[in-house]
Amino acid sequence: MGSDFPQDFDTLAVRAGQVRGSEGEHAEAIYATSSFAYGSAAEAAARFSGATPGNVYSRFTNPTVRTFQDRLAALEGGAACVATASGMAAILATCMGLLQQGDHVVCSRSVFGSTINLFERYLKRFGVQVDFVAQTELSAWSAAIRPNTRLLFAETPSNPLLELVDIAALAELAHAHGALLAIDNCLCTPALQRPLALGADLVIHSATKYLDGQGRCLGGAVVGDAERVGKDIFGFLRSAGPSMSPFNAWVFLKGLETLRLRMRAHCENAQRLALWLQGQAQVERVYYPGLATHLQHALAQRQQEGFGGIVAFEVRGGQQAAWRVVDATRMISITGNLGDSKSTITHPATTTHGRMSTAQRAEAGISDGLLRVSVGLESVTDIIDDLARGLG
Ligand SMILES: *Cc1c(COP(=O)(O)O)cnc(C)c1O
């Protein structure tokens with residue numbers, strides 16, 4: 001986009017990155033092609049060598065994927081974006097593009113389970129050491145840093161307990177030790193939180209969640225500067241190939257166009273549900289950053305433009321009582337996914353966190369009575385009625 005193009009978020013979400021083709025199509029085209037043809041041997045040579053920019057092969061250059069990358073980069077306020085096949089591929093590409101043997105990573109203990117597995121089981125095999133710290137304690141992050149620490153990694157708010165981290169403070173800490181800060185912005189999306197503006201170096205997305213918003217496609221992305229994302233992480237994607245398909249990119253593009261409207265509606269429904277849950281005798285505790293009782297409510301107000309669509313709560317009576325709430329629902333989907341227009345309910349202790357030991361779960365705060373609801377876009381009174389069935 002030229003410098004005279006409107007820079008408002010709502011406008012960028014609808015229009016950034018689109019390059020209209022020779023057919024004059026109004027909506028973005030899906031370029032379902034693996035490769036691209038050239039007019040001459042010399043043109044092919046120049047394109048392959050990088051002497052002239054342009055499309056080569058859809059593992060690393062596809063016009064639909066590029067439109068998605070440019071649009072998400074604009075929304076996050078980053079110079080470069082690399083789209084990937086999934087959120088986990090985005091995290092892998094970040095590690096492979098930026099880390100090497102002997103490097104050290106400090107990661108929040110509260111990140112997505114597969115992220116912990118990736119670091120613990122696979123990165124360690126290649127000589128990258130990882131320490132996990134309590135997300136909300138800045139002193140723990142600080143104490144874990146070593147001379148070879150290259151990356152700090154956090155997800156804020158976290159899932160399912162909605163713990164925040166002060167992004168600006170963590171960025172300052174990382175930079176004081178020559179390390180980078182990566183923030184998984186899955187739960188907020190750029191509609192509610194822009195980590196780069198707060199000092200983070202890299203933003204990670206699972207586009208599978210709110211960027212799609214309707215539970216259709218897997219995808220991911222990394223946003224940041226031209227050097228690390230545009231060269232180092234892009235270079236890994238080009239060589240290794242965990243790439244986003246043009247069709248998925250197109251679905252995510254359509255998702256971005258309505259992202260802010262949807263996030264506002266998710267926030268509104270979640271706030272109303274959280275307040276209602278707080279008043280229920282069978283509910284022991286509610287976790288939602290929009291509640292005044294949330295331990296980091298002030299930070300959430302400062303750092304986010306909304307409190308998000310995820311609400312967690314503890315039911316009195318442990319697993320049996322929690323399962324009763326799940327099984328009494330008639331509308332809400334029983335599934336592990338989140339960030340969908342359809343509300344979903346999950347019992348973390350026996351699903352997403354089921355492979356952890358009892359002691360690990362206790363340390364992570366995942367009790368047997370804990371439930372997580374990804375609050376969708378249905379009528380909030382219907383969502384409340386559906387949960388009330390099992391709480392009565
Ligand atoms: C789902 C998720 C991921 C992984 O994304 P996939 O697209 O499933 O690979 C990473 N981080 C968070 C916070 C997630 O919720």
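Residues numbered from 1 in each chain as written. Predicted model: local features only at pLDDT ≥ 70, side-chain atom pairs only at ≥ 80, totals over all residues. Heavy atoms only, no water.

- As recorded in an unreviewed UniProt entry, the chain goes by O-succinylhomoserine sulfhydrylase and comes from Metallibacterium scheffleri.
- The annotation that UniProt attaches to the chain under Pathway (unreviewed entry) is "Amino-acid biosynthesis; L-methionine biosynthesis via de novo pathway; L-homocysteine from O-succinyl-L-homoserine: step 1/1."
- Under the UniProt heading Sequence similarities (unreviewed entry), the entry covering the chain gives this text: "Belongs to the trans-sulfuration enzymes family. MetZ subfamily." (UniProt positions renumbered as here; feature names shortened; annotations may be inferred.)

1. A short note on the domain arrangement of the chain
Move 1: Along its sequence, the chain is organised into domain 1 (9-30 + 62-257) and domain 2 (260-391).
Move 2: Computed from C-alpha atoms alone, the centre-to-centre distance between domain 1 and domain 2 is 25 Å.
Move 3: Counting residues at the interface gives 34 residues for domain 1, matched by 35 residues for domain 2.
Move 4: Summing both partners gives a buried area of about 2900 Å² for domain 1 against domain 2, and 54% of it is carried by carbon and sulfur.
Move 5: For the domain 1 face of the interface with domain 2, the top three residues by lost area are Leu161, Leu192 and Tyr210, together amounting to 26%.
Move 6: At the junction of domain 1 and domain 2, the tally comes to 4 salt bridges.
Move 7: A salt bridge links Arg109 to Glu363, with the nearest nitrogen and oxygen atoms 3.5 Å apart.
Move 8: Joining domain 1 to domain 2, the criterion identifies 15 residue pairs in polar contact (both at pLDDT 80 or more).
Move 9: For the side of domain 1 that touches domain 2, the elements supplying multiple residues, two or more each, are helix H1 (9-15), helix H5 (113-123), helix H8 (189-192) and helix H10 (246-257).
Move 10: Among the elements that make up the side of domain 1 that touches domain 2, the one with the highest residue count is H8 (3 residues). (Domains from an automatic or database assignment. Contact = heavy atoms within 4.5 Å. Buried area = accessible area lost by both parts, 1.4 Å probe. Salt bridge = Lys/Arg side-chain N within 4 Å of Asp/Glu carboxyl O. Polar contact = N/O pair within 3.5 Å; in protein donor to acceptor, adjacent residues only side chain to side chain. Helix = DSSP H or I, 4+ residues; strand = E, 2+ residues; numbered from the N terminus.)

2. Notes on the UniProt feature "modified residue: N6-(pyridoxal phosphate)lysine" (unreviewed entry) in the chain
Move 1: Under the feature "modified residue: N6-(pyridoxal phosphate)lysine" (unreviewed entry), the UniProt entry names Lys209.
Move 2: Relative to the assigned elements, Lys209 resides in the loop between strand S6 (202-206) and strand S7 (220-224).
Move 3: Not counting chain neighbours up to four residues away, the residues in contact with Lys209 comprise Phe112, Cys186, Asn337, Leu338 and Gly339.

3. A closer look at the pattern of salt bridges
Move 1: Enumeration according to the criterion identifies 16 salt bridges in this entry.
Move 2: Note that Glu28 and Arg71 form a salt bridge whose closest N and O atoms lie 2.7 Å from each other. Taken together, the positions of Glu28 in the loop between H1 and helix H2 (41-49) and Arg71 in helix H3 (residues 63-76) put the pair 43 residues apart, joining distant regions of the chain. Like Arg71, Glu28 is buried.
Move 3: In this structure, Glu257 and Arg71 form a salt bridge, with 3.2 Å as the shortest nitrogen-oxygen distance. Of this pair, Glu257 sits in helix H10 while Arg71 sits in helix H3; the two residues are 186 residues apart in sequence, bridging distant segments of the chain.
Move 4: Three or more residues joined by partner-sharing salt bridges are found here, namely Asp10, Arg194, Arg260 and Glu305. (Buried < 20%, exposed > 50% of the residue type's maximum accessible area, 1.4 Å probe, protein only.)

4. A short note on the pairing of strand S4 (residues 149-155)
Move 1: The element S4 is extensively covered by neighbouring structure, given that 6 of its 7 residues are classed as buried.
Move 2: Sheet analysis places strand S2 (residues 104-108) next to S4, joined by 4 bridges and oriented parallel. What sits directly across from Val106, in S4, is Leu152.
Move 3: For S4 and strand S5 (residues 180-184), the ladder comprises 5 bridges, and the chain directions are parallel. Each bridged residue has a counterpart across the sheet, and for Glu155 the counterpart in S5 is Asp184.
Move 4: Read from S4 through helix H7 (residues 167-176) to S5, the crossover connection turns out right-handed. (Pairing = 2+ DSSP bridges. Right-handed = clockwise from strand over helix to strand, strands pointing away.)

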